[in-house]
Amino acid sequence: MSLNKTPKSDRVHIGIFGRRNAGKSKIINAITGQNLAIVSNVLGTTTDPVSKAMEILPLGPVVIIDTPGLDDTGELGKMRVEKAYQVINKTDIALVVIDITRGKTSEDEAILKKLAEKKIPCITVYNKADLAENEKIEITENEIIVSAETGYHINELKEKIASMNSKEEVKHPIIADRIKENDLVILVIPIDESAPKGRLILPQQQTIRELLECGAHTLCVRESELDSALKSLGRKPALVITDSQAFKLVDSIVPNDVMLTSFSILFARHKGDLEAVVKGVTALNSLKDGDTVLISEGCTHHRQCNDIGSVKLPKWICSYTGKNINFEYSSGTEFPLDLSKYQLIVHCGGCMLNEKEMKSRLAYAREKNIPITNYGITIAYINGILKRSVEIFPDIADLIS
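Quick caveat, the model's predicted, so the values are computed rather than measured.

Criteria and cut-off values
Residues numbered from 1 in each chain as written. Predicted model: local features only at pLDDT ≥ 70, side-chain atom pairs only at ≥ 80, totals over all residues. Heavy atoms only, no water. Helix = DSSP H or I, 4+ residues; strand = E, 2+ residues; numbered from the N terminus. Contact = heavy atoms within 4.5 Å. Buried < 20%, exposed > 50% of the residue type's maximum accessible area, 1.4 Å probe, protein only. Pairing = 2+ DSSP bridges. Right-handed = clockwise from strand over helix to strand, strands pointing away. Polar contact = N/O pair within 3.5 Å; in protein donor to acceptor, adjacent residues only side chain to side chain. Axes fitted to C-alpha atoms, helices over the stretch in contact; angles between N-to-C directions. pLDDT = per-residue confidence, 0-100. Core = buried A, V, L, I, M, F, W, Y, C linked by side-chain atoms within 4.5 Å. Salt bridge = Lys/Arg side-chain N within 4 Å of Asp/Glu carboxyl O.

Draft legend 1. Main features of the overall build of the protein chain. Each helix and strand in the protein chain was counted, giving 14 helices and 14 strands. Long-range pairs, those at least 24 residues apart, make up 71% of the contacts in the protein chain between residues at least 6 apart in sequence.

Right, dumping it as structure tokens:
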């Protein structure tokens, strides 16, 4: 991911929903002006959600998600419909495409109801106007009649999408509101077997970019050079940000009068709810032998031999609790629908998820009364440095005894 491209997680996500052959794929091709989606008269051509990041004027950078038909049948069809509904959790703006010659169906009503419950801005798109010239449908402000075949009202649809782009500004930046111009910030970036070759991971890239925009002085070091770097400086840094897995070592090196946090903790606030995950981590103290903990990651990277999610965190949690804990894992979009078996969820920072999906996961866990926390919060808590790691956010630090 280059620094001059908007990451998928920061783009407006547009979900396209509807029955099979309502014209969802044709609508996508029409509004993008490209043949991005496969078009066929065969029912069920789209069998899995398909995402495409691109630019659409006047919207700017977006991710368009084509979903399977809501009326799919059979056991596989039921699974595809479930996949379509899961897309709602990451959708900022929804288009529900309806075949105007068939009218609104129970499947259409159900998805519209769910979108309304989630308070997701939605446009009902009556497609195939070219086949129903004499149809008379009274439409509301958030409805439109189009023809993906002829281009009728496609420009108007794009304008309507742009006008409904109510994607909220991210409530919290990564760190910009805590740093002043000319502050010195040190970023500790381990280069080990799990680090990608030749590049920085997305949270590191985005944090560096935001610090540059703040006019801060940024120094990147490995944990092995941190001590010598601190000694060589002519002034005290305002903040040290570390990869969470190096928390223990970095805490022992950084003076107590220098604020310390991690990329994972910054992203817990940036993408989700820092207070909720700080409160959730205390569930570690209630774990018993045989309890099950879900380790959930938002990306689908290849797991290394010393992977933090599948190796280091389980080891640290078992060592801290002294209990025989069962661990299960999810990655990417595969967040379990049934959370009843878990006593705790430990989630990554969510850098690859958009804000909508990260907050949806937090809300779902809260709804099911399952405590959820974060990689960085967990590691800091286990090492007894949680209060120090969130001191840069005084309102959160005050929650910790």
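Next, the rest of the story.
Draft legend 2. View of the pairing of strand β9 (residues 239-242). Alternating residues of β9 divide into Leu239 and Ile241 and Val240 and Thr242, and every residue in both groups is buried. Alignment of strand β7 (residues 184-188) against β9, held across 4 bridges, turns out to be parallel. Bridge assignment links Leu187 to a residue of β9, and that residue is Ile241. Of the pairings in the sheet, the one linking β9 to strand β10 (residues 259-262) comprises 4 bridges and is parallel in character. Residue pairing in the sheet places Leu239 in a bridge with Met259 of β10. With helix α7 (residues 247-253) bridging β9 and its parallel neighbour β10, the resulting β-α-β unit is right-handed.

Draft legend 3. Structural context of the environment of Asp289. Along the chain, the position of Asp289 falls in the loop between α9 (274-280) and β11 (292-297). As for Asp289 and Ile325, which are separated by 36 residues in sequence, their C-alpha atoms are 5.8 Å apart. For Asp289, the residues in contact, after removing those within four places along its chain, are Lys323 and Asn324. In this structure the side chain of Asp289 is engaged in a polar contact, spanning 2.8 Å, whose partner is the backbone nitrogen of Asn324.

Draft legend 4. Quick look at the sheet that holds strand β3 (residues 60-66). Across the sheet, 6 strands lie side by side as β2-β3-β1-β4-β5-β6; this open sheet has mixed pairing. With partners counted over all chains shown, the strands left at the sheet margins are β2 (50-56) and β6 (143-145), one partner each. For this sheet, the mean inter-axis angle between neighbouring strands, taken without regard to orientation, is 25°. Where helix α1 (residues 24-32) meets the sheet, it contacts β1 (12-18), β2, β3, β4 (93-99) and β5 (122-127), and its direction lies at approximately 165° from that of β3. Contacting β1, β4 and β5, helix α3 (residues 106-117) runs over the sheet at an angle of about 165° to β4.

Draft legend 5. View of the confidence of the model for the protein chain. Confidence in the prediction for the protein chain averages 88 pLDDT; 89% of positions are at 70 or higher. Model confidence for the protein chain, summarised as mean pLDDT per element, is weakest for β2 at 81 and strongest for β9 at 98.

Draft legend 6. Structural context of unusual backbone geometry. Of note in this structure, Asn21 is not a glycine but carries a positive phi near 60°. Look at Asn21 and you get partly exposed, because its relative accessible area is 28%. Of note, the phi angle at Asn182 is positive, near 75°, even though the residue is not glycine. Take Asn182: it is sitting in the loop between α4 (154-163) and β7.

Draft legend 7. Molecular detail of the environment of Phe263. Looking at where Phe263 falls in the secondary structure, it is placed in helix α8 (residues 263-271). Each residue touching Phe263, except ones within four places of it in the same chain, is listed here: Leu187, Val188, Ile189, Pro203, Gln204, Thr207, Ile241, Thr242 and Asp243.

Draft legend 8. Representation of the nonpolar core. Grouped together as the largest cluster of nonpolar side chains are 72 residues, with contacts concentrated most on Leu274, Ile377 and Leu386. Beyond its immediate chain neighbours, meaning those up to four positions away, Leu274 contacts Ile265, Ala268, Arg269, Ile377, Phe393 and Ile396.

Draft legend 9. Main features of the side chain of Thr67. Among the secondary structure elements, Thr67 is positioned in the loop between β3 and α2 (74-86). Residue class for Thr67 comes out buried when judged on its relative accessible area of 0%. Engagement of the side chain of Thr67 in a polar contact is seen with the backbone oxygen of Ile16, the distance being 2.6 Å.

Draft legend 10. Fine view of the side chain of Asp291. Within the fold, Asp291 resides in the loop between α9 and β11. Residue classification places Asp291 among the buried positions, given a relative accessible area of 8%. There is a polar contact of 2.7 Å between the side chain of Asp291 and the backbone nitrogen of Lys288. Excluding its chain neighbours within four sequence positions, the residues that come into contact with Asp291 are Ser286, Asn324, Ile325, Asn326 and Gln343.

Draft legend 11. Broad picture of the pattern of salt bridges. In total, this model carries 25 salt bridges according to the counting rule given. Here Arg178 ties to Asp177 by a salt bridge, and the two come within 3.6 Å at their closest N and O atoms. Taking relative accessible area as the criterion, Arg178 reaches 32% and is therefore assigned partly exposed. A salt bridge links Lys288 to Asp291; the shortest N-O distance between them is 3.8 Å. Through salt bridges with shared partners, a single ionic network connects Arg19, Arg20, Asp71, Asp72, Arg80 and Glu107.

Draft legend 12. Expanded view of the sheet that holds strand β8 (residues 217-221). Taking strand neighbours across the sheet as the criterion, the 4 strands line up as β8-β7-β9-β10 in an open arrangement whose pairing is parallel. Edge positions in the sheet fall to β8 and β10, since each of these pairs with one other strand and no more. Direction aside, the axes of adjacent strands within the sheet are offset by 20° on average. Taken strand by strand, helix α5 (residues 202-214) contacts β7, β8 and β9, and its axis lies near 170° from that of β7.

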